[in-house]
Amino acid sequence: MSNRWRPLVFFVLCCVTAYARAEAEPEIEPETEELGQDCVRYEYEPRDLAEQSESRLVFDAFDDHRGKTIRNIRYESRDIFDESLPEENNWLYRSLNRLHINTREDVVAAQLLFSEDEPLDIGLVRESERILRSRGYLTSAFIVPDVICPDHIDVLVVTRDSWVTEPELTFAHEGGETSSGIGIKDSNFLGTGEHISIGYSRDVERTSVRYQYQTPHLFRTRVAARIYYTQLSDGRDLAMKVEHPFYALDTPWAAGVETQNLTLTNVIREGDEIISEYGHRIRFQEVYGGLSLLRGEDNTTLRWLAGLTFHQDRFQEQPETVNGIPEDRRTNYAWLGLTYSRNEYATYRNLYQIQRTEDVALGPSYELRAGFGSQDMGNSTDVMRYAAQYDHVFGMGNSHVVELSAFLDGYHFTGADGYDTAVAGVSGAYNRFRNGQNRWFVHLEYGQGWELRQHEELTVGGISGLRGYPIDFQRGEHRYILNVERRYFSNVHLLNVVRMGGVAFFDAGRAWGLEANGSNPHLANVGLGLRFSSSKARVGNILHIDIARPLASREGVSEYQLLLKTEGHF
């Protein structure tokens, strides 16, 4: 068989396997059961939460039933469009409901952390809710009491599907060069919760055919898998990852393996111009294992990890390359890691999504990793690898959320053949809820790099934080960015499909520290923006339309900058 056909055959086999499982595992019909003496049915609708006026949501229906035996778990999978609402009970939305295959009951059941005949653990119920709400193929998920009896309780798991079958069509013409692409993806293939996509793209340098398969619960287990393959006209890209993650706070162990072989083009911009380009080939392999060693009485979790990483960066000159390319680098090392987290969560609405239920981890968490690789592992010189991440979220009452973060990431080489490189940063964000729809948001960050390669340099402009300037307008080894926003989360629901929001913003920032660039000036801009999010599609796709006007260093910059992009947050 020709090598060019093998990825397609593999992709078809993935589809057939998912289809076969869907056909072989019919939906389980719920059993009808008498309520019994002294039992009552709990009346609840998930939209009850939406009627709460506070931004921080509270649901305490299980609090008086802790420890009762779970007699039965019932599942209710709701269609994308709610036909009980007159606005959504029309031929178009009914047709879309019929075309869509809802998430299968066994897929949802496999992700719960509790089961029948066990005592009710409210922590496991809430964590199961968070797991389900993190799945992109569900717009909402709630676990509520179904039937309440003196000694036992029935539980109802309510999920609502999202529309996840999306065509992909791209076309761009810039500088006399044209690129285009077409594809399709389905993030809940046949209701299995598995992501499958295929696409074709073409530009002046190469053509490519892309295949991807991804699942967070392979064969209804706790194993997650991702396979990405691209057949290029001048090579191929491959990425594969299989792991048993720390699926829940009480998961005792984790292990995984990952490999990547990717081809990139690093585009270097400054001052609204492309100043250089060069090819970048990445080869990465990693294997790791971890143990959860401590579960504290204060709901804290401590985990140890250990692994081996093999990482190689190779660079190639291209016709657009200016001033050379970075040196190739190989870093192979063994490492130890430590993570700490706290089992404290709060549920919000209109924080970073529009009219969605959002789970936010409160309290401190950190990750530490340190590694060492000798020349015997294939390195040109001994190398030390270090990385750290710290986050702390404060939920103060119902009206304030403060987020603090700091990180450090770097390499230290002992010989003359390598050069030390590192980047560090701190940031803070503040959310002030004036009411259910109006917010103040302030974000401030500072970053510093040491001996960064050109594609690693810190930048400001465009999507990197200053919306009144072109992308990567300034470059340097130091950077600060300030964003102040007045956010409005509208109740407008266009065609019962699209949620809307608006924002007025002020940005300021600067990147500096490169001798070749001299002393870059401070930049600032003001602007207005709109936000659009589908209430029926997967969580995290918010369309940003921003128009900004620069206030400083306007020479050579358009009077207004228009930005259109899709982000995972407001």
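Residues numbered from 1 in each chain as written. Predicted model: local features only at pLDDT ≥ 70, side-chain atom pairs only at ≥ 80, totals over all residues. Heavy atoms only, no water.

(A) Molecular detail of the packing of aromatic side chains. A complete count under the given rule lists 10 aromatic pairs for this structure. With a centroid separation of 6.5 Å and 65° between ring planes, the pair formed by Tyr480 and Trp512 is classed as edge-to-face. Here the residue Tyr480 occupies a position in strand β25 (residues 478-494), and Trp512 occupies one in strand β26 (residues 498-512), the gap between them amounting to 32 residues. Taken together, the ring pairs in this structure connect Tyr446, Tyr480 and Trp512 into an aromatic cluster. Over the aromatic face of Trp335 sits the side chain of Arg369, whose NZ or CZ is 3.5 Å from the ring centroid. (Phe/Tyr/Trp six-rings, centres within 6.5 Å; stacked < 30°, edge-to-face > 60°. Helix = DSSP H or I, 4+ residues; strand = E, 2+ residues; numbered from the N terminus. Lys NZ or Arg CZ within 6 Å of the ring centre and 35° of its normal.)

(B) Summary view of the pairing of strand β21 (residues 421-433). Here strand β20 (residues 400-413) pairs with β21 via 12 bridges, running antiparallel. For Ala406, the partnering residue across the bridge sits in β21 and is Val426. Of the strand pairs in this sheet, β21 and strand β22 (residues 438-450) are connected by 12 bridges, and their pairing is antiparallel. Bridged to Val423 within β22 is Gly449. Hairpin connection, β21 to β22: the antiparallel pair is bridged by 4 residues. (Pairing = 2+ DSSP bridges.)

(C) Representation of the sheet that holds strand β2 (residues 56-57) within the structure. Spatially, 3 strands are ordered β2-β16-β17 in an open sheet, and the strand pairing comes out antiparallel. Across the chains shown, the open sheet's two edge strands, defined by having one partner strand only, are β2 and β17 (357-361). One ladder, built from 5 bridges, connects strand β16 (residues 345-349) with β17; its direction is antiparallel. Within the sheet, the bridge partner assigned to Thr347 lies in β17 and is Asp359.

(D) Structural detail: unusual backbone geometry. One non-glycine residue, Arg220, lies in the positive phi region at around 65°. Residue placement: Arg220 occurs in the loop between β9 (207-215) and β10 (224-232). Although it is not a glycine, Leu495 adopts a positive phi angle of roughly 55°. Relative to the helices and strands, Leu495 is located in the loop between β25 and β26. Its relative accessible area of 70% is what places Leu495 among the exposed residues. (Buried < 20%, exposed > 50% of the residue type's maximum accessible area, 1.4 Å probe, protein only.)

Limitation: the analysis is restricted to geometry and does not speak to function.
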